[in-house]
Amino acid sequence: MGLTAAGVCTMVTGGSGAGADMAAWLPLPSAAVTAFLLLVFPRVSQAQTFSLPFQEPETCGHNQYFDISALSCVSCGANQRQDNRGTSCVCLPGFQVISNNGGPDIICKKCPENMKGVTRDGWNCISCPSGLTAEGKCHCPTGHILVERDVNGTLLSQATCKLCDENENSFTVANALGDRCVRCEPTFINTSRSCACSEPNILTGGLCFSSTGNFPPHMISTARYGELGASFTSEWFAKYLQSSAAACWLYANLTSCQALGNMCVMNMNSYDSATFDACRLFQFIFENTAGLRTVHSVSFWRQNLPWLFYGDQLGLAPQVLSTTPLPTNFSFKDQNQNTKLKFVAASYDVRGNFLKWQTLEGGILQLCPDTETRLNAAYSFGTTYQQNCEIPLSKILADFPTPVFYDVYLEYTNENQHQYIWAVPVLNLNLQHNKIFVNQDDSASKWLLTRRIFLVDALSGRENDLASQPRLLRVATQISLSIHLVPNTKNGNIYPPLITIAYNDIDVKDPNSQSVKVSFSVEYEMNQGEAHVQTDTVMKFLVYYAGDLANVFFIITVGTGLYWLIFFKAQKSVSVLLPRPAQEERFVTYVGCAFALKALQFLHKLISQITIDIFFIDWERPKGKVLKAVEGEGGVRSATVPVSIWRTYFVANEWNEIQTVRKINPLFQVLTVLFLLEVVGFKNLALMDSSSSLSRSPSSYIAPYSRILRYAVSSALWLVIGIIQIVFFAVFYERFIEDKIRQFVDLCCMSNISVFLLSHKCFGYYIHGRSVHGHADTNMEEMNMNLKREAESLCSQRGLVPNTDGQTFQIAISSQMRQHYDRIHETLTRVHKEMDYFIKDKLLLERILGMEFMEPMEKSIFYNDESYSFSSVLYYGNEATLLIYDLLFFCVVDLAYQNFILAAFLTYLQQEIFRFVRNTVGQKNLASKTLVDQRFLI
């Protein structure tokens, strides 16, 4: 039939809904089809609603099922009830199925009186030999199986119960469903030669063990939740801990050993020597299988056992993490470019079955969902990675019903292009060793590294029923992968990576409303020690330069002030005039710069003196032995006479006393300068007039003060008084009254104690105080006699070198000696014999420049030092710095407030404050230093 022009496809206007839309594109003559479509797809009424009641399968009644299409509860038919899933109907007990098309479309028929039982499949009625179950099925006694059909499938008129043959030739029992005879579990046969596990044998976890074996008693089926401070009997541990441990110990069953290891990991690898929990049982088996060979020559990996620990020796973790680099390298841009960290993991289920090898790519260890590209970016070498998210507990419980365990390795290719894997250690922050969280310590030497990890444990937190919701949930909330670059490497070598993991214990109450925050990160680190040394060197240079620059500013400002003071006040014919106040601003700025830089130098020296390393060496030897009572033994024994520590305390106290000794008297300095300025009248020289008189008539006009002249007058007076004091102290006081520095050296010799000072890492001072008399701990008579013999030259001289008097030395120690010193200071062990040295004089140029040209390599260098330069770590050796600093402080306060009295008061106050700080902090620092006894010396 042909189409006319009227039969072409045209747009039909008007109408709405699906029928109208489809009819709009039909040929116009097909009106009947259009009408049919409008009937099939009716137009939506404006008043129609899309709301429906919300129902869940759990809300349906016993005789209702949940319709998965209508999403509502629907009544079952006659003689029917809800099935176990709740989404269909089944016949009531005593009724057989006639037809079943799902849902309510099922027909049930009552069984006759002589055949009240229903077959297991529900389709037939049958006569039962020994009663019915609650579901209307035939019941058989224990050890029997139910037989409903012949061998060829023919239905029997009456079911029979067959007893399984437990005799030695068969060893069979009924299976869990009671429909088939199966061979007994091997442990039953091995233990009792039967299918029964009768006393005194032990039945646990479906296994049978002999009670006479060497088996740990009193096992603890406790799950540890240290973060919540809770521990309870885990249903999983109660069922399977003892059986897994016994099967691993007695039969070396591989899966049982893995299952035991998994339970130890679920308990955070925590070890307590007082309880036989999972990890203690694992350790018991590990220790008692020492005769077995190791796996891949790894001493921590015993045959048949999983590798869980790296051992519990202190100091082992740093060796594992930073001793042996990986035998591969990484490069960003090269022909052999290698920028991929190929991590693989051996995965196990909770029962100890090996699942598979799998790469960590794809987010295996990353709980946060993301695209595969972003997840895999974590394993791109050199890329710092950070991922955070918050996950509902309901999702975690749905995704991780049972834990999966991972042993992580790094895959690499060696020089011969052979594939190898390197075990990746784990730092579990939740691990407790004898109830101490050792892995949360800052010192890596106390860490206990482990191997196996998991992400979520929703199993051990089930208390009474493994099918119930867990009471507690454990989630790996923080996983961090650390990559350490080998120091000074040129080929991209790294140390073994470290996985740091922290678990969060969650009290499960309402999973739909609870959530947990998790993170995954990858960090790259390298030893910044050399960079820090270089940075510190630059900073120290700047500090020293600041001190020298302060001296330059000080000399210029003092010179400028004296220039204006002399040339303005002493001129006959006027040639210069004082700057106006506005023109003094630049000069005041220079003074402020001089003070700031000098204050920086002063604070640096103060901190350096407070933080020096000081070591007291007591040369006194014990004087024989004494009889000493032994507590708890009721007897006596001989013991070495202890050396008194009071001499060391006395020397340390004297050292503390001389820390702030100066060559001037600060109070006398301040009062004398203030007296000359205010009483004598030197302050009048700072007036902006031409008079050079030190007094002014009260009736005369008093001109304003010039800040430049005030600075010049006060600086000149301060310097003159200070220099006079220093000269008096050096020429008269120290010679005829008291020299505390030399007295301290004498005290050290009289006390038989040497002092070892390190002001820098490899530079310091040594005061040789070893007594020439052998003993210093003696009575007054013997001490006087010793001093007399020394005065009459009847004994050797005090010097370190024989027949010399040199007792003070500058020392440049080798890096080897510094390392030994650090080790001694840290462990309080002993001074090592290999600390060799030699003594020499400094060259003239070395003395002038204040530096050493020779670097100590194998031997340390002791430079003779007759000038007692160890005083540079005291106030005594820094008098110039202190004098200028106090002067500038005085002048800055005066320039700010135009008040000499206030300046003098604040200057003295800050002197006393810093002196107090220096003594107090220095005393605490001194008290923390090591006091070494001769018993530790070789």
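Note that the coordinates shown come from a computational prediction; the quantities given were computed from them, not determined experimentally.

Reading the values: the criteria
- Residues numbered from 1 in each chain as written.
- Predicted model: local features only at pLDDT ≥ 70, side-chain atom pairs only at ≥ 80, totals over all residues.
- Heavy atoms only, no water.
- Buried < 20%, exposed > 50% of the residue type's maximum accessible area, 1.4 Å probe, protein only.
- Helix = DSSP H or I, 4+ residues; strand = E, 2+ residues; numbered from the N terminus.
- Contact = heavy atoms within 4.5 Å.
- Phe/Tyr/Trp six-rings, centres within 6.5 Å; stacked < 30°, edge-to-face > 60°.
- Lys NZ or Arg CZ within 6 Å of the ring centre and 35° of its normal.
- Disulfide = S-S within 2.5 Å.
- UniProt positions renumbered as here; feature names shortened; annotations may be inferred.
- Axes fitted to C-alpha atoms, helices over the stretch in contact; angles between N-to-C directions.
- Parallel < 35°, antiparallel > 145°, perpendicular 65-115°, else oblique.
- Nonpolar A, V, L, I, M, F, W, Y, C, P; charged D, E, K, R; others polar.
- Salt bridge = Lys/Arg side-chain N within 4 Å of Asp/Glu carboxyl O.
- Pairing = 2+ DSSP bridges.

Notes on helix H6 (residues 278–287)
Burial of H6 is extensive: nine of the 10 residues sit out of reach of the surface. Where H6 is concerned, the buried positions are Ala278, Cys279, Arg280, Leu281, Phe282, Gln283, Phe284, Ile285 and Phe286. Buried-residue contacts for H6 involve helix H4 (235–251), helix H5 (254–266) and strand S18 (298–302).

Points about the packing of aromatic side chains
Counting across every chain of the model gives 41 aromatic pairs. Taking 6.0 Å as the distance between ring centres and 40 degrees as the angle between the ring planes, the aromatic pair formed by Phe553 and Tyr590 counts as tilted. With a gap of 37 residues between them, Phe553 in helix H10 (residues 529–570) and Tyr590 in helix H11 (residues 585–610) connect regions that are remote in the sequence. Looking at Arg451, its charged tip hangs above the ring of Trp307, at a distance of 5.0 Å from the centre. The ring of Tyr863 carries the charged tip of Lys842 above its face, separated from the ring centre by 5.7 Å.

Observations concerning the state of the cysteines
Under the defined criterion, the tally for this structure stands at 12 disulfides. The side chain of Cys91 participates in a disulfide bridge whose partner is Cys108; the two sulfur atoms lie 2.0 Å from each other. Between Cys91 and Cys108 the disulfide shows an S-S torsion of about -90 degrees. By sign, it is left-handed. Linking Cys91 in strand S4 (residues 89–91) with Cys108 in strand S6 (residues 106–110), this pair joins segments that are 17 residues apart in sequence.

Looking at the UniProt feature "transmembrane region" (unreviewed entry) in the protein
The feature "transmembrane region" (unreviewed entry), as given by UniProt, occupies residues 549–567, 667–688, 708–732 and 882–909 in the numbering adopted here. Span residues 549–567 is 100% helix and 0% strand, its end C-alpha atoms 27 Å apart. Within residues 667–688, the helical portion is 64% and the strand portion 0%, while the C-alpha atoms at the span's ends are 30 Å from each other.

Some details on the packing of H4 against H6
Look at H4 against H6: their axes get within 10 Å of each other, and the N-to-C directions meet at 10 degrees. Considering their axes alone, H4 and H6 lie roughly parallel with respect to each other. Residues Leu241, Ala245, Cys248 and Trp249 of H4 lie in contact with H6, whose contacting residues are Ala278, Leu281, Phe284 and Ile285. Tallied by class, residues from the contact of H4 with H6 come to eight nonpolar, no polar and no charged.

A word on the side chain of Asn376
Mapped onto the elements of the fold, Asn376 is located in helix H8 (residues 372–376). Judged by its relative accessible area of 13%, Asn376 is buried. Apart from the residues lying within four places of it in its own chain, the contact partners of Asn376 are Lys340, Glu361 and Gly362.

A few points about the pattern of salt bridges
Under the counting rule described, the total for this entry stands at 22 salt bridges. We note a salt bridge from Lys395 to Asp399, for which the minimum N-O separation is 2.9 Å. Of this pair, Lys395 and Asp399 both sit in helix H9 (residues 393–399), four residues apart, which is roughly one turn of the helix. The exposure class of Lys395 is partly exposed, given its relative accessible area of 41%. The exposure class assigned to Asp399 is partly exposed, which follows from its relative accessible area of 42%. Two residues, Arg707 and Glu584, come together in a salt bridge whose shortest N-O distance is 3.2 Å. With a gap of 123 residues between them, Arg707 in helix H14 (residues 707–736) and Glu584 in the loop between H10 and H11 connect regions that are remote in the sequence. With respect to burial, Arg707 and Glu584 carry one shared label: buried. Taken together, the shared-partner salt bridges in this structure form one network comprising Lys569, Asp689 and Arg696.

Regarding the packing of H11 against H14
With their axes 9 Å apart at the nearest point, H11 and H14 run at an angle of 35 degrees to one another. Packed against H11, whose contacting residues are Glu585, Phe587, Val588 and Val591, the element H14 presents Arg707, Ile708 and Tyr711 at the interface. For the contact of H11 with H14, a count of residues per class yields five nonpolar, no polar and two charged.

A look at the pairing of strand S33 (residues 753–758)
Burial analysis of S33 places six of its six residues in the buried class, which makes it a mostly covered element. With burial as the criterion, each face of S33 is covered, one bearing Ile753, Val755 and Leu757 and the other bearing Ser754, Phe756 and Leu758. Looking at chain direction, strand S30 (residues 613–618) and S33 are connected through six bridges and run antiparallel. Note that in S33 the partner of Ile614 across the bridge is Leu757. Here S33 folds back onto strand S34 (residues 763–767) in antiparallel fashion, the turn holding four residues.

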